[in-house]
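# Geometric and topological summary
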Amino acid sequence: ANGMWADATVVATDPQADLAVIKVDAPKGLELRPLTLAPTNGLRAGYYVTALGSPFGLDETMTLGVVSALGRSVPVGDRTGGTSYSLPDVVQTDTAINPGNSGGPLLNLKGEVVGVNFAINSTVGSNSGVGFAIPVSVVEKVVPALIEDGAFEYSYLGISGQTITAQVAEENDLTDNILGVLVGEVVSGGPSAEAGVEADDIIVAIGDEPVRRFEDLVSYLFQSTEPGQKVTLQILRDGAETSLEVSLTERPEPKAPESTDAGERAEISISEAIKIAKSAITDAELVTTIESASAKRDTQNGQDVWVVTLSGDGKSATVVVDASNGEVLELNVE
């Protein structure tokens, strides 16, 4: 605020949590006063929050809104290799978040950090009333590991799946009102495959916690487990319930795209862009069944992108994908 500045060095980064740690030596005469982190379970939908950041380069901007939802699951990281992971317990807010707010804090009215602003849901790259913040529970686990070890170790189950909704139940001929996660794919050689989990199994509990949504599974793995730990899955298979013990491993790194002869990262093809867009939509459970997909090349803010249009469940989705690295830049469903 007084115009002083300092160089910083990167300590470590974690694309899977969209977090990084930098080290700064304060200029002489300047005292750094860290913000206080809020209690991890102290947030509710409807609570007022403020976002601090530099939207569109406008430094020291504060916007006000409410927490509009909790417990969202949002795809993060580099998904160009066909591997997609989700960030759990994400805070959704209608507080105005725009390009430039990323990395700024989301605060409660006590001035405590409840999250770190990182994404918006928009087709035009500006606030549409749906913004997302990395929750303080993720920050408290990932950041110390980045400082001490240079990386955070994520537990890996080795499945893909989806929350059972009325439509999913109808499409898969399931009994009405079964709640849980329908396993779509089991990674060959992964922890679940070794334990005997099969495609079309229904996960109804993990450990002592019931599983009603895919987010429940992701949150439990992040908050309550670590690689090497054994967990018990309660499975429904052909109407019969059984228990399987899974030995969790460390989450494998997403596969890097092939490099060109010049050592540069290969561009994302149209099929890869569509695949990334489909994964982003289904992982966020915005659309469960995709009926059609198309993509066109475009340039936005000087950046080459794929604009992918998807339809299904009576909805239309637009996903903007970075054509160089596969990052999802914008996502909107109508």
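Here we take up the overall build of the chain. Scanning the chain for helices and strands turns up five helices and 20 strands. In summary, the chain has a C-alpha radius of gyration of 21 Å against a globular reference of 20 Å for 334 residues, a match within 12%. When the backbone C-alpha atoms are referred to their principal axes, the chain occupies close to 70 × 45 × 45 Å. Burial status across the chain gives 42% buried among its 334 residues.

Okay, the packing of aromatic side chains next. Taken as a whole, this structure holds three aromatic pairs when the rule is applied. Between Phe 152 and Phe 222 the ring centres are 5.5 Å apart and the planes differ by 40°, which places this aromatic pair in the tilted class. Residue Phe 152 is found in the loop between α1 (136–149) and β9 (155–156), and its partner Phe 222 is found in helix α4 (residues 214–224); the two are separated by 70 residues along the sequence. Accessibility assignment for this pair places Phe 152 and Phe 222 in one class, buried. Ring plane angle 40° and centroid distance 6.1 Å describe the contact between Tyr 154 and Phe 222, whose orientation is recorded as tilted. Taken as a pair, Tyr 154 in the loop between α1 and β9 and Phe 222 in helix α4 lie far apart in primary sequence, 68 residues in all. The same class applies to Tyr 154 as to Phe 222, namely buried. Members of the aromatic cluster, joined through ring pairs, are Phe 152, Tyr 154 and Phe 222. When the ring centre of Phe 222 is taken as reference, the NZ or CZ atom of Lys 141 above it lies at 5.7 Å.

A few words now on the pattern of salt bridges. Applying the stated criterion to the full structure yields three salt bridges. Of the charged contacts in the structure, one is a salt bridge between Arg 213 and Asp 216, with a shortest N-O distance of 3.7 Å. When salt bridges that share partners are traced, they join Glu 198, Asp 201 and Arg 237 into one network.

Let us look at the sheet that holds strand β8 (residues 131–135). Strand order in the closed barrel formed by six strands is β3-β4-β5-β8-β7-β6, with antiparallel pairing between adjacent strands. Across the sheet, the mean angle separating the axes of adjacent strands is 50° when strand polarity is ignored.

With that out of the way, let us pick up the sheet that holds strand β17 (residues 292–300). Through backbone hydrogen bonds, the strands of a sheet pair up, either in parallel or in antiparallel fashion. In space, the four strands of this open sheet follow the order β17-β18-β19-β20, with antiparallel pairing throughout. Bordering the open sheet on either side are β17 and β20 (328–333), each of which pairs with just one other strand. The average angle at which neighbouring strand axes cross in this sheet is 15°, direction not considered. With five bridges joining them, strand β19 (residues 315–322) and β20 adopt antiparallel strand pairing. Paired with Val 319 across the two strands is Leu 331, which belongs to β20. Helix α5 (residues 270–283) contacts β17, β18 (303–312), β19 and β20 of the sheet and is inclined by roughly 55° relative to β18.

For the chain, per-residue confidence averages 86 on the pLDDT scale, and residues scoring 70 or more make up 92% of the total. In the model, residues 256–266 has pLDDT below 50 throughout and makes 13 contacts with residues more than four positions away in sequence or in other chains.

Attention shifts here to the pairing of strand β5 (residues 85–93). Burial of β5 is extensive: eight of the nine residues sit out of reach of the surface. As defined by bridge partners, β5 adjoins β8 across three bridges and the pair is classed as antiparallel. The partner of Thr 93 across the bridge, within β8, is Gly 131.

The next subject is α1. In an α-helix there are 3.6 residues to a turn, and that puts residues three or four apart on one side. End to end, α1 covers 20 Å across 14 residues, agreeing with the expected 20 Å (1.5 Å per residue, within 8%). Every buried residue of α1 is accounted for by Val 136, Ser 137, Val 138, Val 139, Val 142, Ala 145 and Leu 146. Packed against the buried residues of α1 are β1 (8–14), β2 (19–24), β5, β7 (113–120), β8 and α4. In the stretch just after α1, Gly 150 is the one whose phi turns positive, near 80°.

What follows covers unusual backbone geometry. In the Ramachandran plot, Asp 18 falls in the positive-phi region, its phi being about 55° despite a non-glycine side chain. With respect to the secondary-structure elements, Asp 18 resides in the loop between β1 and β2. Given the relative accessible area of 42%, Asp 18 is considered partly exposed. You will see that Asp 200, though not glycine, has its phi angle at about 80°, which is positive. Structurally, Asp 200 can be placed in the loop between α3 (191–195) and β12 (202–206). Here Asp 200 falls in the exposed class, since its relative accessible area comes to 53%.

Moving on to the side chain of Thr 93. Inspection of the secondary structure puts Thr 93 in strand β5. Residue classification places Thr 93 among the buried positions, given a relative accessible area of 0%. Look past the residues within four positions of Thr 93 in its chain and what remains in contact with it is Val 49, Val 66, Val 67, Ser 68, Leu 106, Gly 129, Val 130 and Gly 131.

Scoring rules and cut-offs
Residues numbered from 1 in each chain as written. Predicted model: local features only at pLDDT ≥ 70, side-chain atom pairs only at ≥ 80, totals over all residues. Heavy atoms only, no water. Helix = DSSP H or I, 4+ residues; strand = E, 2+ residues; numbered from the N terminus. Rg over C-alpha atoms; globule rule 2.2 N^0.38 Å. Buried < 20%, exposed > 50% of the residue type's maximum accessible area, 1.4 Å probe, protein only. Phe/Tyr/Trp six-rings, centres within 6.5 Å; stacked < 30°, edge-to-face > 60°. Lys NZ or Arg CZ within 6 Å of the ring centre and 35° of its normal. Salt bridge = Lys/Arg side-chain N within 4 Å of Asp/Glu carboxyl O. Pairing = 2+ DSSP bridges. Axes fitted to C-alpha atoms, helices over the stretch in contact; angles between N-to-C directions. Contact = heavy atoms within 4.5 Å. pLDDT = per-residue confidence, 0-100. Expected span 1.5 Å × (residues − 1).

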